[in-house]
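# Results of the structural survey
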Amino acid sequence: MPELPEVQTVVNTLAGRILGRRIATVRLLCDDIVDPPGCDLVGRLQNRIIRAVTRRGKRIVFSLHDGNRFYIHLGMSGRLTLEPADSPILKHTHLILKLVTDATHGQSDDGLHLRFRDPRRFGGVWWIGSEADGNGCDDRIGPEPLTLHPAQLAKRLARTRRAIKSALLDQTLIAGLGNIYADESLFAARLHPLTPASSLDDQQIARLNRAIKTTLRRAIRHRGSSLRDYVDADGLAGGFQNLHRVYDRAGQPCPACRTPIARIVISGRSTCFCPKCQTLQGARDTKTKSLPGHARHIWPDRDQCPKPTPAR
DNA sequence: GTCCATGTTCTTTA
DNA sequence: CTAAAGAACATGGA
């Protein structure tokens, strides 16, 4: 399910409703989703109060009042949902946290269930510990793309000759991108996915950096992409799948030039791109630097769009 | 039965 | 040795 926009949407739909709640009951129905194995997750969560829910890359990080933290990774098919305590427990539900508010006394608090369900079990729950004990969440994870500077991106991509598509999927280089948003970002940046990462010039780096941000922000605005499993914490699907320009669109016309979208495999991952818009040489080498008028809205990058007449 | 899937990690290869 | 491609993980749907 989950790349940065989907994870961010889950965090957004979760945060306002679980902060300050106490974990009254912990039910771990499948303990091989917990890492490290044998850590006393149930005991460590029991009766703790949730202080914050944030995102780091594709991880959903929970901070507790006692200073400890853990994170949930949704893997490929994971769902993290808030449900009434009496709703039926579906197959492949691995963790249930019953959340209560202690502030309201008297009134019956039937509690709210935070449930983690993941049929494929590529996801799971990772115990981090407390910062005071020197336990960080950032082990070997690359920088956040939404606040990344072009110079940082250039430095990281310079050290590998891999295809840029593969590099973008490498969470140690840059955090949060997956197969959908790597393809969509490369299209928006007009870069061929097989371009060697270390061969990008400053202009292409700037374009890519901007394309990644624009693509991710748009996807977050549309609450992520729901292809198969993904829903937010309220069980609602996202809408960005309808706005994909190349991902899973092989054979369909490129929204900019009508050339059929191509599909190739790069390091085992299906990769979709426009063979005409995304050139291996880079757009700078082509004679035409402007775009057909009907295509302008496709390219979020101002460098590639004829600028409107400047104000004044 | 086959192939494929929004991800990560371990193993093998060059 | 390192870098990068491949296989493996587990399940369900087409």
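Counting of residues starts from 1 at the beginning of each chain's written sequence and follows it residue by residue. The order in which chains are written sets their letters, starting at A; the order in which ligands are written sets their numbers, starting at 1. Restriction of local features to residues with pLDDT of at least 70 applies here, the model being predicted, together with a cutoff of 80 or more for giving and counting side-chain atom pairs; totals for whole chains, interfaces and linings are based on all residues. Side-chain figures throughout are based on the complete set of non-hydrogen atoms in the structure, without hydrogens or water.

Further remarks concern unusual backbone geometry. The omega angle of the peptide bond from Asp 35 to Pro 36 is 0 degrees, so this bond is cis rather than trans. Runs of H or I in DSSP of at least four residues are treated as helices and runs of E of at least two as strands, each being numbered from the N terminus. Assignment of secondary structure puts Pro 36 in the loop between β2 (34-35) and α2 (41-45). At Asp 248, a position not held by glycine, the phi torsion is positive, near 60 degrees. Relative to the helices and strands, Asp 248 resides in the loop between α6 (202-221) and β10 (262-266).

Time to look at the protein's contact with DNA strand C. If a single non-hydrogen atom of a residue is within 4 Å of a molecule or strand, that residue counts as near it. Contacts to DNA strand C come from Lys 91, His 92, Pro 119, Arg 120, Arg 121, Phe 122, Thr 160, Arg 161, Arg 162 and Arg 228. Of all atoms in DNA strand C that approach within 4 Å of the protein, 62% are sugar or phosphate atoms. Any pair of nitrogen or oxygen atoms within 3.5 Å is treated as a polar contact; in protein, a donor-acceptor pairing is required on top of that, and neighbouring residues in sequence qualify only through side-chain atoms on both sides. Side-chain polar atom of His 92 to a phosphate oxygen of DNA strand C: 2.7 Å apart, as the coordinates give it. Basically, the charged four are Asp, Glu, Lys and Arg, the nonpolar ten are Ala, Val, Leu, Ile, Met, Phe, Trp, Tyr, Cys and Pro, and anything else, Gly included, counts as polar. Within the surface near DNA strand C, the residues separate by chemical class into two nonpolar, two polar and six charged.

This part covers the packing of helix α5 (residues 179-189) against α6. Geometrically, a packed helix pair is captured by the angle between its two axes and the distance between the axes. α6 packs onto α5 with a crossing angle of 125 degrees between their chain directions and a minimal axis gap of 8 Å. Judged by the angle between their axes, α5 and α6 are oblique. Here the hand of the crossing between α5 and α6 comes out right-handed. Of α6, the residues touching α5 (which contributes Tyr 181, Glu 184, Ser 185, Leu 186, Ala 188 and Ala 189) are Arg 207, Leu 208, Ala 211, Ile 212, Thr 215, Leu 216 and Ala 219. Considered class by class, the residues forming the contact of α5 with α6 number nine nonpolar, two polar and two charged. To get an axis, fit a line to the C-alpha atoms, keeping to the stretch in contact for a helix; angles then go from 0 to 180 degrees between the N-to-C directions. Put simply, angles under 35 degrees are roughly parallel, angles over 145 are roughly antiparallel, angles from 65 to 115 are roughly perpendicular, and the rest are oblique. The handedness criterion is simple: a crossing whose near helix is rotated anticlockwise from the far helix by less than a right angle is left-handed, and one whose near helix is rotated clockwise is right-handed. Contacts: residue pairs with any heavy atoms within 4.5 Å of one another.

The next subject is the packing of aromatic side chains. Two rings belonging to Phe, Tyr or Trp (six-membered ring only in the last case) form a pair when the distance between their centres is within 6.5 Å. Interplanar angles under 30 degrees mark stacking, angles over 60 mark edge-to-face geometry, and anything in between is tilted. Under the counting rule described, the total for this entry stands at three aromatic pairs. Note on Phe 62 and Phe 70: the rings are 4.8 Å apart at their centroids and 5 degrees apart in plane angle, and the pair reads as stacked. One exposure class covers both Phe 62 and Phe 70, and it is buried. Relative to Trp 126, the ring of Tyr 71 has its centre 5.3 Å away and its plane inclined at 5 degrees; by these criteria the two rings are stacked. Of the two residues, Tyr 71 is situated in strand β5 (residues 68-73) and Trp 126 in strand β9 (residues 124-130); the sequence distance between them amounts to 55 residues. Categorising residues by exposure relies on relative accessible area from a 1.4 Å probe, with only protein chains included: less than 20% of the type maximum marks a residue as buried, more than 50% marks it as exposed, and the intermediate range marks it as partly exposed.

Time to look at the domain arrangement of chain A. Domains are outlined according to an automatic or database domain assignment. The assigned domain composition of chain A is domain 1 (4-133) and domain 2 (145-304). Between the C-alpha centres of domain 1 and domain 2 there is a distance of 32 Å. With 19 residues of domain 1 in contact, the opposing surface of domain 2 contributes 22 residues. Interface of domain 1 and domain 2: buried area, both sides summed, is about 1,600 Å²; carbon and sulfur atoms make up 61% of it. We define buried area as the total accessible area lost by two parts upon association, computed with a 1.4 Å probe and summed across both. The largest contributions to the domain 1 side of the interface with domain 2 come from Leu 4, Pro 5 and Glu 6, which together make up 33% of the buried area.

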